[in-house]
Amino acid sequence: MEQGFVSGVSVDKNIARISIINVKDEPGIVYRIYNCLVQNQIKIDMIIQSGSKGGVQDISLTVGKPFLQDALDIIQAHSREIPAERVEYETGVVKVTLVGHGIAGNPSVPATLFEALFAAGVNIKAISTSEIRITVLLDVRDAEKALEAIQKVFHLK
């Protein structure tokens with residue numbers, strides 16, 4: 001049934017993840033991070049915010065690899081506005097996106113995706129969803145086996 005909802009899968013290896021660790025959990029933090037980057041023409045893709053713990057949280061985002069250093073420099077330049085314990089980055093990641101109409105309304109689609117990745121031995125680093133897509137961030141070394149598993153289970157080949 002899920003193959004009727006899924007129309008394709010894409011893989012983006014040209015991304016990097018930036019994680020801003022132990023940011024104060026207060027109104028405006030995400031805005032300040034996002035605003036300083038977009039004011040400098042840095043396109044942000046995924047944004048993942050952890051739950052608050054002890055008044056702090058982690059915020060991760062993905063940017064194109066060509067913009068990684070600029071993004072890091074901008075975040076550093078705005079460190080007074082974005083107080084954090086540290087900023088980390090990772091370049092060995094891949095973004096795999098499953099697309100299709102009504103994905104969010106069919107709980108079997110993410111369940112099937114997660115099961116396929118589990119069966120392939122692929123660890124998920126982050127997840128982002130919308131009505132028409134599910135995006136997972138994976139180790140770049142897992143890109144091909146993840147793609148093969150997803151194409152097989154959703155009959156996309």
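Residues numbered from 1 in each chain as written. Predicted model: local features only at pLDDT ≥ 70, side-chain atom pairs only at ≥ 80, totals over all residues. Heavy atoms only, no water.

**Q** Help me understand the pattern of salt bridges in this model?
**A** Opposite charge on two side chains permits pairing when their charged atoms draw close. Enumeration according to the criterion identifies 9 salt bridges in this entry. Across the pair Glu-90 and Arg-17 runs a salt bridge, and its minimum N-O distance is 2.9 Å. Of the two residues, Glu-90 is situated in strand E5 (residues 86-90) and Arg-17 in strand E2 (residues 15-24); the sequence distance between them amounts to 73 residues. Taking relative accessible area as the criterion, Arg-17 reaches 16% and is therefore assigned buried. As a salt-bridge pair, Glu-85 and Arg-86 come within 2.5 Å of each other at their nearest N and O atoms. Judged by its relative accessible area of 52%, Glu-85 falls in the exposed class. (Salt bridge = Lys/Arg side-chain N within 4 Å of Asp/Glu carboxyl O. Helix = DSSP H or I, 4+ residues; strand = E, 2+ residues; numbered from the N terminus. Buried < 20%, exposed > 50% of the residue type's maximum accessible area, 1.4 Å probe, protein only.)

**Q** Any chance you could explain the nonpolar core here in plain terms?
**A** Note that soluble globular proteins tend to have their nonpolar side chains buried in a common cluster. Membership of the largest hydrophobic core comes to 19 residues, with the highest contact counts inside it found for Ile-18, Ile-20, Ile-33, Leu-37 and Leu-61. Listed by contribution, the elements that provide at least two residues to this core are E2, helix H1 (29-38), strand E4 (56-64) and helix H2 (68-77). If you look at the next biggest cluster of nonpolar residues, it comprises 16 residues, including Val-109, Leu-113, Val-122 and Val-136. (Core = buried A, V, L, I, M, F, W, Y, C linked by side-chain atoms within 4.5 Å.)

**Q** Please clarify how H2 should be interpreted in this entry.
**A** Three or four residues apart is the spacing at which side chains of an α-helix point the same way, because the helix has 3.6 residues per turn. Among the residues of H2, those classed as buried are Leu-68, Ala-71, Leu-72, Ile-74 and Ile-75. Projected down its long axis, H2 shows its buried positions confined to an angular sector of 165°, all on one face. Summarising the geometry of H2, the exposed residues directed more than 90 degrees from the buried face are Gln-76 and Ala-77. Buried residues belonging to H2 abut E2, H1, E4 and E5. (Arc of directions from axis to C-beta. Contact = heavy atoms within 4.5 Å.)

**Q** Sorry if this is basic, but what is going on with helix H4 (residues 143-153) here?
**A** Ala-143, Ala-146, Leu-147, Ala-149, Ile-150 and Gln-151 are the residues of H4 that are buried. As for H4, its buried residues are in contact with strand E1 (8-12), strand E6 (93-99), helix H3 (108-119) and strand E8 (133-139). His-155, located one to two residues past H4, shows a positive phi value of around 55°.

**Q** Any chance you could explain the environment of Lys-13 here in plain terms?
**A** Position of Lys-13 among the secondary structure elements: in the loop between E1 and E2. C-alpha of Lys-13 to C-alpha of Leu-138: the two residues are 125 residues apart in sequence and 9.8 Å apart in space. Here the side chain of Lys-13 touches Glu-144 through a polar contact of 3.4 Å, side chain to side chain. (Polar contact = N/O pair within 3.5 Å; in protein donor to acceptor, adjacent residues only side chain to side chain.)

**Q** Just checking my understanding: could you explain the sheet that holds strand E7 (residues 124-129) for this structure?
**A** Where strands meet in a sheet, backbone hydrogen bonds hold them as pairs that are either parallel or antiparallel. What the 4 strands build is an open sheet, ordered E1-E6-E8-E7; its pairing is antiparallel. The outermost strands of the open sheet, each flanked by one partner alone, are E1 and E7. With direction set aside, neighbouring strand axes in the sheet form an average angle of 20°. Relative to E8, E6 is paired through 7 bridges, and the arrangement is antiparallel. Looking across to E8, one finds that Thr-97 is bridged to Thr-135. Across the sheet, H3 is in contact with E6, E7 and E8; its angle to E8 comes to roughly 15°. Of the strands in this sheet, E1, E6 and E8 touch H4, which is tilted by about 175° from E1. (Pairing = 2+ DSSP bridges. Axes fitted to C-alpha atoms, helices over the stretch in contact; angles between N-to-C directions.)

**Q** I'm lost on the sheet that holds E4 in this one. Help?
**A** Spatially, 4 strands are ordered E3-E4-E2-E5 in an open sheet, and the strand pairing comes out antiparallel. Bordering the open sheet on either side are strand E3 (44-49) and E5, each of which pairs with just one other strand. Taken over all neighbouring pairs, the strand axes of this sheet differ in orientation by 20° on average, direction set aside. Its contacts with the sheet place H1 against E2, E3 and E4, and it is angled at close to 25° to E4. Strands in contact with H2 are E2, E4 and E5; relative to E2, the strand with the most contacts, it is inclined by about 15°.

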